[in-house]
Amino acid sequence: MTTHDHYNLIIIGGGPSGMSVAVGAAEAGLKRILLLERHPRLGGILNQCIHLGFGLSYFKEELTGTEYAFRYKKNLEETCTEVITGSFVHKLTPQKQVAFVCPEGEFVIPADHVVLATGCRERTREMLTTPGTRPAGIFTAGLAQEMVNIHGLLPGKNAVIIGSGDIGLIMARRMTLEGARVLAVMEILDHLSGLVRNKIQCLDDFGIPLYLRHEILEILGKNRVEAVRYRDNATGEVKELSCDTLLYSVGLIPERDLLIDAGIEPGNGYYVSGNADYVHDLVDRVTRDGERLGRSLSGS
Ligand SMILES: Cc1cc2nc3c(=O)[nH]c(=O)nc-3n(C[C@H](O)[C@H](O)[C@H](O)COP(=O)(O)OP(=O)(O)OC[C@H]3O[C@@H](n4cnc5c(N)ncnc54)[C@H](O)[C@@H]3O)c2cc1C
């Protein structure tokens, strides 16, 4: 547990953004840096990304998310940063005090600078207010990714993916490789939301259809999802598709509730970085921006 009662910098979130802010700040000469991460391991969302596609720009090599996190962690270990995993930050004050709980107890520690590197959260069915029943079998794509890649659980056997964001495209391939059938990816827009490379590698290579301008009208099913009713907005035709699982991949929202709840705007010693600032497609950019932010901070 920490020995200081005041830090030059406290970083909330130990994903690629939080780690890179710490590395940049250490380069700038800050000595008392504390990194707080709620999970047992550093790495953030990268820990559940076992697909290739990370690090081409930063490491000049194509890595999986887990490899990227592992490699970057070594940079962090070379700094003086104190890391407390299993620590959940629950409150901030305008005086730059950070309140957190961890296995050792509850602490409130002040800092010169506080960086929010808390990532983002997924939009859910409830946020879209999709009509219908509330059966089992409805997941966000990121939760399904965590189930499959970390817990070894398959969310279902016959899936429809709603929305064409990158997590949904990657999960279409992942579910297929694990033996599920992905019947379709349905997108209300007339264009793909995710990266084109993910459509080619995750849908086209596996023969999974992408239906653009298709809108989910209703979820059907009593205990478990049984079907979705949808409309082809190009023709107006309404149809049903039988399935037992729905994965929502309909956008990410920067996670800034700690600042909002405290009525704090970024500035005056508070900063926001990585996906908590805006949603990044590529982690390399997150890392570079984080290092730059860290280097811009000065100690007192
Ligand atoms: C499915 C998926 C596929 C992707 N594919 C690629 C790809 O192929 N190539 C690529 O370059 N990029 C990819 N990305 C993007 C990249 O992974 C992200 O942009 C990057 O991980 C964001 O980093 P971050 O540190 O801002 O957020 P995160 O990685 O989400 O880290 C935030 C951290 O903050 C912690 N935290 C949150 N709240 C608190 C709190 N109150 N107290 C303590 N800790 C807290 C969380 O536990 C988490 O560890 C992908 C992302 C996803 C989700």
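Position labels on residues start from 1 in each chain and follow its written sequence. Only residues with pLDDT of at least 70 get local features here, since the model is predicted, and only at 80 or more are side-chain atom pairs given and counted; chain-wide, interface and lining totals rely on the full set of residues. Hydrogens and water molecules were not included; the side-chain quantities draw on all heavy atoms of the structure.

Outline the packing of aromatic side chains, supporting the account with residue identities and numerical values.
How two aromatic rings sit relative to each other is set out by the distance from centre to centre and by the angle between their planes. Note on aromatic pairs: the rings of Phe, Tyr and Trp (six-membered ring only in Trp) are paired at centre separations within 6.5 Å, and the planes decide the class, stacked below 30 degrees, edge-to-face beyond 60, tilted for the rest. Summed over all chains, the structure comprises five aromatic pairs. When the centroid spacing of 5.0 Å and the interplanar angle of 85 degrees are considered together, the rings of Y58 and F59 count as edge-to-face. For the pair formed by Y58 and F59, the shared burial category is buried. Chaining the aromatic ring pairs together yields one cluster made of Y58, F59, Y68 and Y72. We call a residue buried when its accessible area falls under 20% of the maximum for its residue type, exposed when it is over 50%, and partly exposed in between, using a 1.4 Å probe and counting protein chains only.

I'd like a description of the sheet that holds strand β14 (residues 214-220), backed by residues and values.
Taken in spatial order, the three strands line up as β14-β15-β16 in an open sheet, and their pairing is antiparallel. Two strands lie at the open edges of the sheet, namely β14 and β16 (238-242), each paired on one side alone. Within this sheet the neighbouring strands show an average axis-to-axis angle of 30 degrees, counted without direction. Strands qualify as paired when DSSP identifies two bridges or more between them. Counting from the N terminus, the helices are the DSSP runs of H or I reaching at least four residues and the strands are the DSSP runs of E reaching at least two. In this analysis an axis means a line fitted to C-alpha atoms, helices contributing only their contacting stretch, and an angle means the value between N-to-C directions, from 0 to 180 degrees.

Report on the pairing of strand β6 (residues 88-92), specifying residues and quantitative values.
Pairing between β6 and strand β7 (residues 97-102): four bridges, direction antiparallel. Across the sheet, the residue bridging to K91 is A99, located in β7.

Any details on the side chain of T93? Residues and values, ideally.
With respect to the helices, strands and loops of the structure, T93 is situated in the loop between β6 and β7. A polar side-chain atom of T93 sits 3.1 Å from a polar atom in the side chain of Q97. In this description, contact between two residues means that some pair of their heavy atoms is separated by no more than 4.5 Å. With residues near it in sequence (within four places) discarded, T93 still touches I264 and Y270. Pairs of N or O atoms are called polar contacts if they sit within 3.5 Å, as long as, within protein, a hydrogen donor faces a hydrogen acceptor (for residues adjacent in sequence, only side-chain-to-side-chain pairs).

Describe the site of the ligand, and please don't skip the residues or the numbers.
Of all residues adjacent to the ligand, which total 36 residues, the nearest are E37, R38, G53, N275 and V283. Measuring from a nitrogen atom of the ligand, one finds a backbone N or O atom of D281 at 3.0 Å. Put simply, the parts of the chain that give the shell around the ligand at least two residues each are α1 (16-27), β2 (33-37), β3 (52-54), β6, α5 (166-177) and α8 (283-295). For the shell around the ligand, the element with the highest residue contribution is α8, accounting for three residues. Here a residue is considered near a molecule or strand provided that any single heavy atom belonging to it is located within 4 Å of it.

How would you sum up the packing of helix α4 (residues 141-149) against α5? Please name residues and give values.
Orientation of α4 relative to α5, taken along the N-to-C sense of each, is 35 degrees, at an axis distance of 9 Å. Where α4 crosses over α5, the handedness of that crossing is left-handed. The segment α4 lies against α5, with A141, G142, A144, Q145, V148 and N149 engaging I167, G168, I170, M171 and R174. Under the grouping applied here, Gly and all other residues not named as nonpolar or charged are polar, the nonpolar ones being Ala, Val, Leu, Ile, Met, Phe, Trp, Tyr, Cys and Pro and the charged ones Asp, Glu, Lys and Arg. When the residues that make up the contact of α4 with α5 are grouped by side-chain class, the tally is six nonpolar, four polar and one charged. Two helices cross in a left-handed way if the nearer one is turned anticlockwise from the farther one by less than a right angle. They cross in a right-handed way if the turn is clockwise.

Describe the packing of α1 against helix α2 (residues 65-77), naming the residues involved and giving the relevant values.
Running from N to C, α1 and α2 point in directions that differ by 30 degrees, and their axes come no closer than 9 Å. Judged by the angle between their axes, α1 and α2 are roughly parallel. Considering the relative orientation of α1 and α2, their crossing is left-handed. For the pair formed by α1 and α2, the contact residues are M19, S20, A22 and V23 on the first element and A69, Y72, K73, N75 and L76 on the second. By residue class, the composition of the contact of α1 with α2 is six nonpolar, two polar and one charged. Orientation labels follow simple angle bins: below 35 degrees gives roughly parallel, above 145 gives roughly antiparallel, 65 to 115 gives roughly perpendicular, and whatever is left gives oblique.

Now, about the domain arrangement of the chain: what can you tell me, with residues and values included?
All the domain ranges listed were derived from an automatic or database domain assignment. Each assigned domain of the chain is listed here: domain 1 (7-119 + 255-295) and domain 2 (123-251). Computed from C-alpha atoms alone, the centre-to-centre distance between domain 1 and domain 2 is 31 Å. Between domain 1 and domain 2, the residue contacts involve eight residues of the former and eleven residues of the latter. Here domain 1 and domain 2 share an interface that buries about 750 Å² over both sides, 50% of which is from carbon and sulfur atoms. Area buried by domain 1 at its contact with domain 2 is led by Q48, I50 and H51, which between them contribute 63% of it. Each reported salt bridge corresponds to a side-chain nitrogen of Lys or Arg within 4 Å of a carboxyl oxygen of Asp or Glu. Between the two partners, domain 1 and domain 2, sit zero salt bridges. Joining domain 1 to domain 2, the criterion identifies four residue pairs in polar contact (both at pLDDT 80 or more). Broken down by class, the residue content of the side of domain 1 that touches domain 2 amounts to three nonpolar, four polar and one charged. Put simply, buried area is how much 1.4 Å-probe accessible surface two parts lose in total, over both of them, once they are put together.

Outline the sheet that holds strand β11 (residues 158-162), supporting the account with residue identities and numerical values.
Across the sheet, five strands lie side by side as β10-β17-β11-β12-β13; this open sheet has parallel pairing. Whereas interior strands pair on both sides, the edge strands pair on one side only; in this sheet they are β10 (138-140) and β13 (210-211). Here β11 runs beside strand β17 (residues 245-248); their pairing, made up of four bridges, is parallel. Each residue of the ladder has a partner; that of I162, found in β17, is Y248. Contacting β10 and β17, α4 runs over the sheet at an angle of about 95 degrees to β10.

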